[in-house]
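Spelled out from the first residue to the last, the chains are:
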Amino acid sequence: MTTRRLVLTRSAAVIGAASTGLLLPEIVRAQSNKVRVGFMLPYTGTFAPLGVAIENAFRMALDEQGGKLGGREIEWFKVDDESEPSKGVENASRLVQRDKVDVLVGTVHSGVQMGIQKVARDSGVLSLIPNAGVHAATRALCAPNVFRTSFSNSQPTRALGKVMVDKGHKKAVWITWKYAAGDEAFEGFKESYTAAGGTIVKELGLPFPNVEFQALLTEIAALKPDAVACFFAGGGAAKFIKDYAAAGLKGKIPLYGSGFLTEGVLDAAGPAADGIYTTLHYSDSLDTARNKAFRLAYAKTFKLQPDVYAVQGYDTGLLMIQGANAVKGDLSNKKALYAAMESAVIDSPRGKWSMSKQHNPVQDIYLRVVENKENKVVGVAAKALADSGAGCRMA
Ligand code: PHB
C-alpha cells in the first residue's frame, strides 16, 4: 500500500459520496496518513502512576529517535481504563473501532488485559502489552498480533522461593490481592519455594484494590512464619509496606515480594521499606551505561525517577520502532512486521532481552534489596528466564 494510492482511492470514494455529507473523517485520516497509536492505561486509581510511567517512557523512546514511526508522523489516542476489568472490552473497542488505532498499547491490570486480548484477537489489531502479566495472553490465548514487553505473572516469583529458603526461611505465609496477577504470582512462588524445600503455611488474600490489611497482619503475627512473601503494586504496595511496619512485624518476620512491591513507592514508603528483598527483571541500580543514560534522560524530561513500569513502556517503544522501521512504516505488511518484532533483541535499561516464540520476554531476574530509597542489585536470581508458554498455538 502506498500512501499516495490510499489517498487517491479514498478521495475518489469521498467525491462519490460527497452529496451524502459522509466520510469526512475518513479523508482527513487518509490524507494525514499518520500512525495511530492508542494508549489504554490506568490514569486513575491505585495503578495511575504506573500508567503514567508507561506512557511517558513510550513517548520518550520515540522522541529519542525523531518522534516518528517508520518515517510516519504519529497521532495519539488515550483511554483511562481505571483498572476496571468489566469495562475492558468496551474501552479497547473504543480505541479499535472508533479511533481506528493501528496499535493499541495497554495495559497494567491483568483482568483488564483479558478484555484487550479478546478485542485484539477478534480485530487483529496490533496489541503491545507494557505490563499486565496475565498468563493467558502468551499461553492459551496467544496471538500473532499480541506482543508482551514486560513479564508473565509467575516469572518474577519463580526466582523468589529459592532465595528465601537459602536464607533459612522454611515456613512462609503468602499474601496478595486475589485476582489473576496475585494468583499467578503465587503459582511461580509456590513452585520455586516448595521445590527448594519450603512449606507454605497459609495463603492470605483480599480483593483488588482493597487496602484494609489490618486483620490479615494480625493473622500473620499469630501464625509466626519464618517469612512473608507477597504480590502488591502501586499505591496499595506503599500502604502494605507501611502497615506491615506499623503492625510491628518489620524486623521480626522478614518481608519478601515480587519486585513490584518496591517499585515507584520508595519515597512514599520511607524507612519502612528498608531491607525488603524482592525479585524482578529490573533494578534502579543496574550499573550499565544503558541504564544510567535512560535514568538520567527520564528524570530530566519528567522530573520523576523512572521505575520498572517506565522501563517496560520504554521497551514497548523500542519494539514498535524496530517493527515499524523494518516495514518502512507500512504497518499493513503484517507478516514482515511481526517477524521483525519476533526476532527483535531489545537493548533495554534492564539488560538485553529477546522474545519467546509465544511473544513474552526471555530475561534475567534480579535479586534486589531496598537501601535508602533505592532497589540495590544483589545478584541475578534467574538467568534468561522464559515463561512456559504452555498451550500457545499461534494461528
Ligand atoms: C497485573 O495486573 O498484571 C499487574 C499489575 C501491577 C503490577 C504487576 C502486574 O505491578
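Residues numbered from 1 in each chain as written. Predicted model: local features only at pLDDT ≥ 70, side-chain atom pairs only at ≥ 80, totals over all residues. Heavy atoms only, no water.

Asker: Any chance you could break down the overall build of the chain for me, citing the residues and the numbers?
Answerer: Regarding its fold elements, the chain presents 13 helices and 14 strands. Its C-alpha atoms give the chain principal-axis dimensions of roughly 75 × 40 × 40 Å. In the chain, which comprises 395 residues, the proportion classed as buried is 56%. Looking at the chain alone, contacts between residues at least 24 apart form 68% of all its contacts between residues at least 6 apart. (Helix = DSSP H or I, 4+ residues; strand = E, 2+ residues; numbered from the N terminus. Buried < 20%, exposed > 50% of the residue type's maximum accessible area, 1.4 Å probe, protein only. Contact = heavy atoms within 4.5 Å.)

Asker: Describe in detail the domain arrangement of the chain, supporting the description with residues and values.
Answerer: Each domain of the chain was delimited in the assignment, giving domain 1 (2–151 + 287–359) and domain 2 (155–280 + 367–385). For domain 1 and domain 2, the distance between their C-alpha centres works out to 31 Å. On the side of domain 2, 18 residues touch domain 1, which itself brings 17 residues to the contact. Taken over both partners, the interface formed by domain 1 and domain 2 buries close to 1300 Å², and the fraction arising from carbon and sulfur atoms is 63%. The largest share of the area that domain 1 buries against domain 2 comes from Thr-46, His-135 and Phe-151, three residues that together contribute 37% of it. Notably, a salt bridge pairs Glu-187 with Arg-139, separated by 3.8 Å at the nearest N-O pair. (Domains from an automatic or database assignment. Buried area = accessible area lost by both parts, 1.4 Å probe. Salt bridge = Lys/Arg side-chain N within 4 Å of Asp/Glu carboxyl O.)

Asker: Tell me what's going on with the pairing of strand 7 (residues 199–206), and back it up with residues and numbers.
Answerer: Sheet topology note: the strand 6 (residues 171–177)/strand 7 ladder contains 7 bridges and is parallel. The partner of Val-173 across the bridge, within strand 7, is Lys-202. What joins strand 6 to strand 7 is helix 7 (residues 180–195), and the crossover it makes is right-handed. (Pairing = 2+ DSSP bridges. Right-handed = clockwise from strand over helix to strand, strands pointing away.)

Asker: Which residues make up the pattern of salt bridges, and what values go with them?
Answerer: Tallying each qualifying case throughout the model produces 21 salt bridges. For Glu-55, the salt bridge is made with Lys-78, and the minimal N-O distance between the two is 3.0 Å. With Glu-55 in helix 3 (residues 48–63) and Lys-78 in strand 2 (residues 74–80), the pair connects residues that are 23 residues apart, well separated along the chain. Owing to a relative accessible area of 7%, Glu-55 belongs among the buried residues under this scheme.

Asker: Give a description of the packing of helix 11 (residues 289–302) against helix 12 (residues 308–326) that names residues and reports values.
Answerer: Relative orientation of the contacting elements helix 11 and helix 12 amounts to 100 degrees, with a least axis distance of 12 Å. The angle between the axes of helix 11 and helix 12 places the two elements in the roughly perpendicular class. Along its contact with helix 11, which presents Arg-290, Phe-294 and Tyr-298, the element helix 12 presents Ala-310, Val-311, Tyr-314 and Leu-318. Residue classes in the contact of helix 11 with helix 12 are distributed as 6 nonpolar, no polar and 1 charged. (Axes fitted to C-alpha atoms, helices over the stretch in contact; angles between N-to-C directions. Parallel < 35°, antiparallel > 145°, perpendicular 65-115°, else oblique. Nonpolar A, V, L, I, M, F, W, Y, C, P; charged D, E, K, R; others polar.)

Asker: So what about the packing of aromatic side chains? Which residues, and what values?
Answerer: Where two aromatic rings form a pair, the distance of their centres and the angle of their planes describe that pair. One pass over the full model with this rule turns up 23 aromatic pairs. For the ring pair Phe-39 and Trp-76, a centre distance of 5.4 Å and an interplane angle of 5 degrees mean the geometry is stacked. Linking Phe-39 in strand 1 (residues 35–41) with Trp-76 in strand 2, this pair joins segments that are 37 residues apart in sequence. Aromatic pair Trp-177 and Phe-208: ring centres 5.0 Å apart, planes at 80 degrees, arrangement edge-to-face. Of this pair, Trp-177 sits in strand 6 while Phe-208 is found in the loop between strand 7 and helix 8 (214–223), placing the two residues 31 residues apart along the sequence. For the residue pair Trp-177 and Phe-208, the accessibility class agrees, reading buried in each case. Members of the aromatic cluster, connected to one another through ring pairs, are Phe-47, Trp-177, Tyr-179, Phe-208, Phe-213, Phe-232, Phe-240 and Tyr-244. Directly above the ring of Trp-76 sits Arg-59, whose terminal nitrogen or CZ lies 4.2 Å from the centroid. Over the ring of Tyr-43 we find Lys-78; its NZ or CZ atom is 4.6 Å from the centre of that ring. (Phe/Tyr/Trp six-rings, centres within 6.5 Å; stacked < 30°, edge-to-face > 60°. Lys NZ or Arg CZ within 6 Å of the ring centre and 35° of its normal.)

Asker: Any details on unusual backbone geometry? Residues and values, ideally.
Answerer: In this model, Gly-106 is joined to Thr-107 through a cis peptide bond whose omega is 5 degrees. Structurally, the position occupied by Thr-107 is in the loop between strand 3 (103–105) and helix 5 (110–123). Residues other than glycine seldom take positive phi values, yet Lys-100 does so here, at roughly 50 degrees. Along the chain, Lys-100 falls in the loop between helix 4 (88–98) and strand 3. Given a relative accessible area of 36%, Lys-100 falls into the partly exposed group. Phi at His-359 takes a positive value of approximately 75 degrees, unusual for a residue other than glycine. Its location among the elements puts His-359 in the loop between strand 12 (351–355) and strand 13 (361–371). The buried category is assigned to His-359, whose relative accessible area is 0%.

Asker: Residues and numbers for the sheet that holds strand 3, please.
Answerer: The strand order 2-1-3-4-5 describes an open sheet built from 5 strands, whose pairing is parallel. Every interior strand has two partners, whereas the edge strands, strand 2 and strand 5 (146–148), have only one. The sheet shows a mean angle of 20 degrees between the axes of neighbouring strands, taken without regard to direction. The pairing of strand 1 with strand 3 spans 3 bridges and is classified as parallel. If you follow Gly-38 over to strand 3, its bridge partner there is Leu-104. Contacts from helix 4 reach strand 1, strand 2 and strand 3 within the one sheet, and its direction differs from that of strand 1 by about 165 degrees. Sitting on the sheet, helix 13 (residues 334–342) touches strand 4 (126–129) and strand 5, and the angle it makes with strand 4 is about 15 degrees.

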